[in-house]
Amino acid sequence: MSTWKKLLWFAVAALGTWAIAILALSRGEHVSALWIVIAGFCALSISYRFYSKWLATKVLVLNEERATPAVLRNDNKDYVPTNRWMVFGHHFAAIAGPGPLVGPVLAAQFGFLPGTLWILIGATLGGGVHDMIVLFASIRRGGKTLGQMVKEEIGRGVGLLALVSVLAIMIILLAVLALVVVQALAQSPWGVFTIAVTIPIALIMGIALRTGKVSVLAVTIFGLLGLAFGVWGGQFLGHFPAIEAWFHQDQKWLAWAIMIYGLAASILPVWMLLTPRDYLSTFLKLGTVALLAVAVVLINPTLQMPAITKFIDGSGLVFAGPVFPFVCITIACGAVSGFHSLIASGTTPKMIRRESRIRSIGYGAMVTEMMVALMAMIAACVLEPGEYFAINTKGTPTEVVAKVSAVGFPVTEQEMRTLATDLGESTMFNRAGGAPTFAVGMAHMFARVSAKPTALALWYHFAIMFEALFILTTIDAGTRVGRFLLQDVLGQVWRPLGNTRSWSANFLASFLLVAAWGWFLYQGVIDPLGGINSLWPLFGIANQLLSVIALCLGTTLLIKMHKAKYMFVTLVPLGFMCAVTFSAGYLKVFSSDPRLGFLSGARSILDQASTLSDAVKAAELTRQAGVWRFDALVAVFFLVLVAAIVLGSARQWWQLIRGRKRMVLHENEFVPITPAQLAQF
């Protein structure tokens, strides 16, 4: 590297350090959101340029001459060699679900500093490694799933535990993703219309590309124009009451609609709906994030939320729990997310044509998602804190205003009514879940560049569509990956059920999976205390436990590859995530605070039910207490299973390092790419 390049990278490092110092040391004074953007871009540039390259060349040793599963097993259904940008688009869209949007918004109740630091550190040193090594492992093993790889590399007993754990965790993850969409779109005809428009657009794109007679550029332009129509046209639904009624639906109706969509996305060929929708979504996502960054630079908004709030002690209005470990649980997909391992060992490894793209897709998509999470943090923190807490706090308008004002963040009902009117919504109270808050913050920033009175409403519904696309692309890819996992399990019972080329087996597995996560979704929808309050922490714990399993696999592979001297790259984040998840799991189950602990919360609900004279309401609260107890049982189940997997993995590492067990890698036999195949790439 030349002297000038060294000086350039030193300057980038110095600028990033200065930005973090300003964010960390500010107390009481106004801080520009631009410093968060600068810190993020510097961290992204340095980590991708140096750390990911070192991982690719020294640790994993990617081989361009090795044929990938997409090339060897091309079946035009699941294994499909795909354009590198479309693969990046699919992978980024699939992993960037609600986590980088909702998680930072919810964690903003601690202030902007804790979440920002976790996003920067977690994504570059943990999440990027996690995603890259799982994608590498799956490609080297014919596109096998995480559970299959754990069974082969760590042990059959641990592998069976992993299969059960991963499948159970996947069900919780998909239910929460769907719940976020439902809460964002309920009673919002404009939002539902924009999402509905994207489905036929994606189908047309997929069919057009499949014919081979339409160029990618032409299809892309069609898709973007269709998206623009979906956002712009929704504002005119009020002029057509009969049509508006089709899209003005409650949470229960939307829950059933999302279940049907997930079932269809899992069964249809990957080229028909999944790939074109994810590809189209990625343009919108990356473009919107870039526009947000430009808006922050041009507008230079001030962070209204303090760096650290009083709620770090666990008394938060949005959700209960102390800043550690719950900031790391709440912000998952923007930093370290176990869900990524399911995509990296599910659909993506079956589409990559060359091993060199593992770096840009595995690590590159993760640090790109890091920037999305930082934009979400900014969107939440540029709002007036009173408005932020009023949107995310459950209760009647009068109760919410009194509660929020009492903790030092004044807000009035009139201010909230004005906000709802400006956004084109009937109310902004009881819009917990994080997605509406992000949309409000994003709309406020974008609307400042326009004098039109409808600008705020237009940008708000654009943001809702933006978020819902993020999440729905995760649901469709996640359901498909979940179907692979379920067929792995069912295949152990009766071999034909594990055949992924059988339409009947695919339909049965997809139906069972959607029914499972649909049950949790429906329970969250009818939860009188707000489903996101109980399910999001469970989602975070389950998600991070999944990352623990993936990092156990990564550590095992490094040892078997005779790279034990590099095992710290997975062992350090593994140790940290174990501390985070097991401490959070213990608090979430056994805490005496009824707002935090599932068991104490269930007792509190039963006490409340016993004082009611209304038998119907009492029965509803009793049923909800049962759901919370079931959630506690699920959390304990996850913790015990993953603890067994960690202990089994540690035993394996000790035996391998001490030479008491033979090093056996279950990689596929090396098959070189032919010159003809290489020419196609």
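Rules and cut-offs
- Residues numbered from 1 in each chain as written.
- Predicted model: local features only at pLDDT ≥ 70, side-chain atom pairs only at ≥ 80, totals over all residues.
- Heavy atoms only, no water.
- Helix = DSSP H or I, 4+ residues; strand = E, 2+ residues; numbered from the N terminus.
- Expected span 1.5 Å × (residues − 1).
- Buried < 20%, exposed > 50% of the residue type's maximum accessible area, 1.4 Å probe, protein only.
- Axes fitted to C-alpha atoms, helices over the stretch in contact; angles between N-to-C directions.
- Parallel < 35°, antiparallel > 145°, perpendicular 65-115°, else oblique.
- Left-handed = near helix turned anticlockwise from the far one by under 90°.
- Contact = heavy atoms within 4.5 Å.
- Salt bridge = Lys/Arg side-chain N within 4 Å of Asp/Glu carboxyl O.

*Asks:* Lay out helix α12 (residues 251-267) in plain terms, naming residues and giving numbers.
*Replies:* Along its 17 residues, α12 runs 25 Å from first to last C-alpha, staying within 8% of the 24 Å computed at 1.5 Å per residue. Those residues of α12 lying buried are Leu-254, Ala-255, Ile-258, Met-259, Tyr-261, Gly-262, Leu-263, Ala-265, Ser-266 and Ile-267.

*Asks:* Residues and numbers for the packing of helix α2 (residues 34-59) against helix α6 (residues 112-140), please.
*Replies:* Across the interface, α2 lies against α6 with an axial gap of 11 Å and an inter-helix angle of 25°. Classified by the interaxial angle, the pair formed by α2 and α6 is roughly parallel. For the element pair α2 and α6, the recorded crossing hand is right-handed. Contacts from Ile-36, Ala-39, Gly-40, Ala-43, Ser-47, Tyr-51, Ser-52, Leu-55 and Ala-56 in α2 reach Thr-116, Leu-120, Thr-124, Leu-125, Val-129 and Met-132 in α6.

*Asks:* A description of unusual backbone geometry should follow, citing residues and the corresponding values.
*Replies:* A cis geometry characterises the amide bond from Phe-324 onward to Pro-325, with omega recorded as 10°. One can find Pro-325 in helix α14 (residues 323-330). One non-glycine residue, Asn-300, lies in positive phi territory at about 55°. Structurally, the position occupied by Asn-300 is in the loop between α13 (274-299) and β2 (302-303). Residue Asn-300 is classed as partly exposed on the basis of its relative accessible area, which comes to 39%. If you check the backbone angles, His-562 has positive phi at about 60° while not being a glycine. Its location among the elements puts His-562 in the loop between α23 (531-560) and α24 (568-590).

*Asks:* Which residues make up the pattern of salt bridges, and what values do they have?
*Replies:* Think of it this way: side chains of opposite charge can pair up when their charged atoms draw near. Applying the stated rule across the entire model yields nine salt bridges. The closest approach of N and O atoms between Arg-66 and Glu-355, which form a salt bridge, is 3.9 Å. Of this pair, Arg-66 sits in the loop between α2 and α3 (69-72) while Glu-355 sits in the loop between α15 (339-344) and α16 (357-381), and the two are 289 residues apart along the sequence. Residues Arg-66 and Glu-355 agree in their burial class; the two are buried. The salt bridge partner of Arg-141 is Glu-153, with a shortest N-O separation of 2.8 Å. Here Arg-141 is found in the loop between α6 and α7 (146-153), whereas its partner Glu-153 is found in helix α7, with twelve residues between them in sequence. For the residue pair Arg-141 and Glu-153, the accessibility class agrees, reading buried in each case. Members of the salt-bridge network, linked through shared partners, are Arg-66, Arg-140, Glu-355 and Glu-667.

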